[in-house]
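# Structural overview for review
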Amino acid sequence: MSRSVTPSAGLRKAPAPAPAPSLWRRLAAAVSPENLRANQARLWVVRPLAFRSLRARRAGGALIALAVGLSVTVFVLFSAYFAATQQAVARRVKPFDLPGDLVVRASAPLEAGFLSALGRQADVRAVTPAAFAKMLTSAGEVEVLGLAPALLKDGEVTMAAGRPPAGPDEIMVPAASAARAGLKVGDEVTLSVLESGRLVSSRAVLVGLGQSRYGYFAERPVMTAEALQAAFGLSANLAIAFTDNTFKVRRFIENFDPGPAGLRVVTADSPETEARGLVGGVFSSGRLAILFVYVFATLGVLNIILLSFLQRKRALGVLKALGLDNDDLQAYLLLEGALMGVVGLVAGLVASGILIAVFNRYTTSSFAASPWPMVIAAGLSLVVLYAASWLPITLTQRASVNALLQNRRVYLDADSACAQCGRCGGF
């Protein structure tokens, strides 16, 4: 006769620990209406304590405001000088004169699937394939274009002599390049291109001295796309797109998978974008220096707040003994730093505005103020204050009431061997 055995209660499997809430859940809980109301009530309670503490420690508060103000001033001044330099460079750069709204270049042939997908975009009105290749000629290495007949008709080219190329083995060369090479209409031009490690050559008759009227294609010899394909087997590796939404089509081209090799999208404002990028590279070391300014400001504010914590451990112990919980103490210490941080932020913005006006009026340097650097400076100031307050707040929350009241050393890990000994380390 079998007997069922019931496991002992002491041998039952312990329930698995609940998973820690995700970052998004914690953020959602932090900004929930209930939590916001609780924080508002908590700030209202600790507000008098924060104001009294700042009145008692004016030197420390002034140093916090000074550190924040200097950081904000340096950041806004550098950002204004950087923006003014970018604007000055961009004004001197001429936009590309393109035959369409954008030009797609690639180092490999553009596949039919890519051209078809580009043409099917809702914002694309038309796509015109073309070709280009670097070739060796009697005038040196030049980039030869193969364009569609529509881009070689009257009005699309400027001629000094002869006519545009219309058939195979015909080429048009800019007048200046022909003069340097000693060429005239009717001469034969030898074109050579390196393919798969071997040199492929072909001859073309110079039928005209002229160039495309579009600045982006000017100063280049031109053939028809069919002639370039027949002579060298070069398929279309360039496309001219006409679109109503350049930004959206450019995003589509750059995210096309698999994209053409060596893809480059050229728009009218590409020179300005590249110039701004070059200026940004020049000023990258300055951006790094600004980050170090904020790092040093954080260290300075940390030292000030930590010194204030060491000087009033007994006062914090009294508050903790009277019933202020860890959230109340965190709000109390953060409010102290935030009040002086706001003073420093306002002082830094005012000082930077005055300095920008003075420099623009009395020096040759240019500064362009804008709201974004001020917003970023405010955000960085909050980061500085929070980072600098983390250690004193954590020490206050983890220290026992007796350790604070007796002005003993406090430790980040209250259960460590150093905390039990208490003879070295700690704060």
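Everything below is about the structure shown above.
Scope of this entry: the structure provided in the associated data block. (Residues numbered from 1 in each chain as written. Predicted model: local features only at pLDDT ≥ 70, side-chain atom pairs only at ≥ 80, totals over all residues. Heavy atoms only, no water.)

Below, the discussion takes up the pattern of salt bridges. In this structure the tally under the stated criterion is 13 salt bridges. Arg42 is the salt-bridge partner of Asp328, the closest N and O atoms lying 2.9 Å from each other. Placement of the pair is Asp328 in helix 11 (residues 326-362) and Arg42 in helix 2 (residues 33-56), with a sequence separation of 286 residues. With a relative accessible area of 16%, Asp328 lands in the buried category. The exposure class assigned to Arg42 is buried, which follows from its relative accessible area of 15%. Put simply, Glu254 and Arg250 hold a salt bridge, and the shortest N to O gap is 3.1 Å. (Salt bridge = Lys/Arg side-chain N within 4 Å of Asp/Glu carboxyl O. Helix = DSSP H or I, 4+ residues; strand = E, 2+ residues; numbered from the N terminus. Buried < 20%, exposed > 50% of the residue type's maximum accessible area, 1.4 Å probe, protein only.)

With that settled, the discussion passes to the environment of Val249. Relative to the elements of secondary structure, Val249 occurs in helix 7 (residues 246-254). For Val249, a relative accessible area of 2% puts it in the buried group. Sequence-wise, Val249 and Ala41 are 208 residues apart; in three dimensions their C-alpha atoms are separated by 52 Å. When near neighbours in sequence (up to four residues on either side) are disregarded, Val249 contacts Leu102, Leu118, Asp123, Val124 and Thr243. (Contact = heavy atoms within 4.5 Å.)

To continue, consider the nonpolar core. Among the nonpolar cores identified, the biggest contains 27 residues, and Ile64, Val72, Tyr294 and Val301 are the most heavily contacted of them. Of all elements in the fold, only helix 3 (58-92), helix 9 (284-311), helix 11 and helix 12 (371-398) reach the threshold of two or more residues within this core. At eleven residues, the largest contribution of residues to this core is made by helix 3. Setting aside anything within four residues of it in sequence, one finds Val301 in contact with Ile64, Ala67, Val384, Leu385 and Ala388. Counting 20 residues, the second-largest nonpolar core is a separate cluster that includes Ala131, Ala133, Leu209 and Met223. (Core = buried A, V, L, I, M, F, W, Y, C linked by side-chain atoms within 4.5 Å.)

A rise of 1.5 Å per residue sets the reference length of helix 8 (residues 270-282), with its 13 residues, at 18 Å; its end C-alpha atoms lie 18 Å apart and thus fit the reference within 8%. Buried residues of helix 8: Ser270, Pro271, Ala275, Val279 and Gly280, and no others. As for helix 8, its buried residues are in contact with helix 3, helix 7, strand 10 (264-267) and helix 9. (Expected span 1.5 Å × (residues − 1).)

The next thing to look at is the layout of surface pockets. In this structure, the largest pocket spans a volume of roughly 380 Å³. Every residue lining the largest pocket is counted, 15 residues in all, and those nearest its centre are Leu43, Gln330, Ala331, Leu334 and Tyr386. Looking at the lining of the largest pocket, the elements with two or more residues in it are helix 2, helix 11 and helix 12. The leading source of residues in the lining of the largest pocket is helix 11, at seven residues. Space inside the second largest pocket adds up to approximately 270 Å³. In this structure, the second largest pocket is lined by 16 residues; those nearest its centre are Arg57, Gly60, Gly61, Ile304 and Ser308. For the lining of the second largest pocket, the secondary-structure elements that each account for two or more residues are helix 2, helix 3, helix 9 and helix 11. Top element by residues in the lining of the second largest pocket is helix 9. It accounts for five residues. When grouped by side-chain class, the residues that make up the lining of the second largest pocket number seven nonpolar, six polar and three charged. (1 Å grid on protein atoms, 1.4 Å probe; cavity = no way out; pocket = protein on both sides within 12 Å on 5 of 7 lines; lining within 4 Å. Points joined across faces, edges and corners; volume = space filled by probe spheres on them. Nonpolar A, V, L, I, M, F, W, Y, C, P; charged D, E, K, R; others polar.)

So, about unusual backbone geometry. The general pattern is negative phi for most residues beyond glycine and trans for most peptide bonds. Here the bond from Asp257 into Pro258 is cis, since omega is -5°, no more than 30 degrees from zero. Mapped onto the secondary structure, Pro258 falls in the loop between helix 7 and strand 10. Phi at Asp169 is positive, roughly 60°, even though this residue is not glycine. Take Asp169: it is sitting in the loop between strand 4 (157-162) and strand 5 (170-173). For Asn407, which is not glycine, the phi torsion reads 55° and is therefore positive. With a relative accessible area of 35%, Asn407 lands in the partly exposed category.

In this section: the side chain of Lys313. Looking at where Lys313 falls in the secondary structure, it is placed in helix 10 (residues 313-321). Despite its burial, Lys313 pairs with no opposite charge, the nearest such side chain being Glu336 at 16 Å. Within polar-contact distance, the side chain of Lys313 engages the backbone oxygen of Arg408 at 2.8 Å. Each residue touching Lys313, except ones within four places of it in the same chain, is listed here: Leu404, Asn407, Arg408, Arg409 and Phe427. (Lys, Arg positive; Asp, Glu negative; His and termini not counted. Polar contact = N/O pair within 3.5 Å; in protein donor to acceptor, adjacent residues only side chain to side chain.)

You can see Ala88 is positioned in helix 3. Spatially, the C-alpha atoms of Ala88 and Arg42 are 50 Å apart, while their sequence positions differ by 46 residues.

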